[in-house]
Amino acid sequence: MEKYWEYIKKTLLDLLAIPSPSGYTDRANAYISGQLQDLGVSFHVTNKGAIVATISGANDDSQRTISAHIDTLGAMVKEIKSNGMLKLTNIGGLGWANVEGENCIIITSSGAEYTGTLLLNKASAHVHGSETATAERKADTMQVRLDEKVKSAEDTRKLGIEVGDFVAFAPRTAVTPSGFIKSRHLDDKAGVAIMLGVIKAIVAEKVQLPYTTNFFFSHFEEVGHGASAGIPAATKELLCIDMGAPGEGQQSDEFSVSICAKDSSGPYSRALKEKLVKLCQEHDIPYQVDIYPFYGSDASASLRAGCDFITGLIGPGVDASHSYERTHKDSIMATANLTWRYVLSQ
Ligand SMILES: [Zn+2]
């Protein structure tokens, strides 16, 4: 997969620049559709709006599906305050402390965009003293400072901003010479870029897949129901590509592919996990088996919805997940290589 790194990297940077909080993934989906069209891969869109690309293989009865999610954490306007500022409600597991001081865009129902910054209501230490440092960071104590001359709710409404508008936080993407990628929303745009990279490789290398393989671009994962509908019915195995979570007590790192044995929803398929480990060993792919006690994936969502297939979960190790995240090229490529070996495996 090494020769597809440039494509994966460009795709990842493109995706990171497109706002896509759960519920507002239209632009990201348009980008993905465009990539699939360029690659000449057929796809359909589910009633809920997920993109499902399919590449035929020798066995069409037992199919595989690989998924990654394009939606991210974000927020929505909950209230327009009397001072013209915006109170937010979070989308997904967004932690308020993780976005304090972050720039954001507000996308109105007409598609207009305004910029602002999420700050503590009592943000100035020169005005509020020690309260600025000690105040709890939560929806009620924080607001968006709009970059507009507004003094009242009426002023803000005149701009076309209303309750229910989506808010997306700046990704602050940076690529370092040492191979790290720092950004919000690497979860799971790295997974989506890897999936598109593998699709590109399948097309370019003109390989015959042993099984028909579907690629499911989930768009409601962060709110828990992404893959609960729309996985093709002939699927016997679902492999989710989502981040691994390094940290204290974890085996995952930013230089290997993480293989999840168990998360908050319980154990993943033992057979599929063993197969993924074996593929890594056979092909010298750096890997780490790990357990994520506070994690749920689209695999869990699909099983809870009643799907009858086995599931696996792999992904690049993403440090400081759901905060200002970071991973390394090595981890992305290890995940791409394992996915590549998986689609070719019997
Ligand atoms: Zn994720």
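Sequence order sets the numbering: in each chain, residues are counted from 1 along the sequence as written. Residue-level local features of this predicted model are given only where pLDDT is at least 70; pairs of side-chain atoms are given and counted only at 80 or more, and the full residue set underlies all totals for whole chains, interfaces and linings.

K.L.:
Is there a simple way to think about the overall build of the protein in this case?
P.N.:
Under the scheme used here, helices are H or I runs from DSSP no shorter than 4 residues and strands are E runs no shorter than 2 residues, and both carry numbers assigned from the N terminus. For the protein, the helix and strand inventory stands at nine helices and 18 strands. Here the C-alpha atoms of the protein give a radius of gyration of 21 Å, agreeing with the 20 Å that 2.2 N^0.38 yields for 346 residues. If you line up the protein on its principal axes, its C-alpha atoms span 65 × 40 × 40 Å. For the protein, the residues scored as buried account for 49% of the 346 residues in total. Taking as baseline every contact in the protein between residues at least 6 positions apart, the subset at least 24 positions apart corresponds to 76%. We compute the radius of gyration from the C-alpha atoms alone; for a globule the expected value is 2.2 Å times N to the 0.38, where N is the number of residues. Counts of 20 or more other C-beta atoms within 10 Å of a residue's own C-beta define buried residues, counts of 12 or fewer define exposed ones, and intermediate counts define partly exposed ones; C-beta atoms are placed from the backbone. Here contacts are defined at the residue level, using C-beta atoms placed from the backbone and a cut-off of 7 Å between them.

K.L.:
What's the story with the packing of helix 7 (residues 270–282) against helix 9 (residues 329–344) in this structure? I'm lost.
P.N.:
The description of two packed helices rests on the angle between their axes and on the distance between the axes. The axes used here are C-alpha line fits, helices contributing only the stretch in contact, and every angle between their N-to-C directions lies in the interval 0 to 180 degrees. Running from N to C, helix 7 and helix 9 cross one another at 110°; their axes reach a closest spacing of 10 Å. Here helix 9 runs roughly perpendicular to helix 7, going by the angle between their axes. In this structure, helix 7 crosses over helix 9, and the sense of that crossing is right-handed. Residues L276, L279 and C280 of helix 7 lie in contact with helix 9, whose contacting residues are L338, R341 and Y342. If an angle is under 35 degrees, it is roughly parallel; if it is over 145, roughly antiparallel; if it lies from 65 to 115, roughly perpendicular; otherwise it is oblique. What makes a crossing left-handed is the near helix being turned counterclockwise from the far one by less than a right angle; a clockwise turn instead makes it right-handed.

K.L.:
In this structure, what is going on with the domain arrangement of the protein? I would like to understand it.
P.N.:
Where interface size is given, it is often the accessible area lost as the parts come together that is meant. Domain limits in this description derive from either an automatic procedure or a database domain assignment. Taken domain by domain, the protein consists of domain 1 (2–72 + 185–344) and domain 2 (74–169). Inter-centroid distance (C-alpha atoms) of domain 1 to domain 2 is 32 Å. Each partner contributes to the interface: domain 1 provides ten residues, whereas domain 2 provides ten residues. Only Asp, Glu, Lys and Arg are considered charged, only Ala, Val, Leu, Ile, Met, Phe, Trp, Tyr, Cys and Pro nonpolar, and every remaining residue, Gly among them, polar. Grouping the amino acids of the side of domain 1 that touches domain 2 by side-chain chemistry returns four nonpolar, five polar and one charged.

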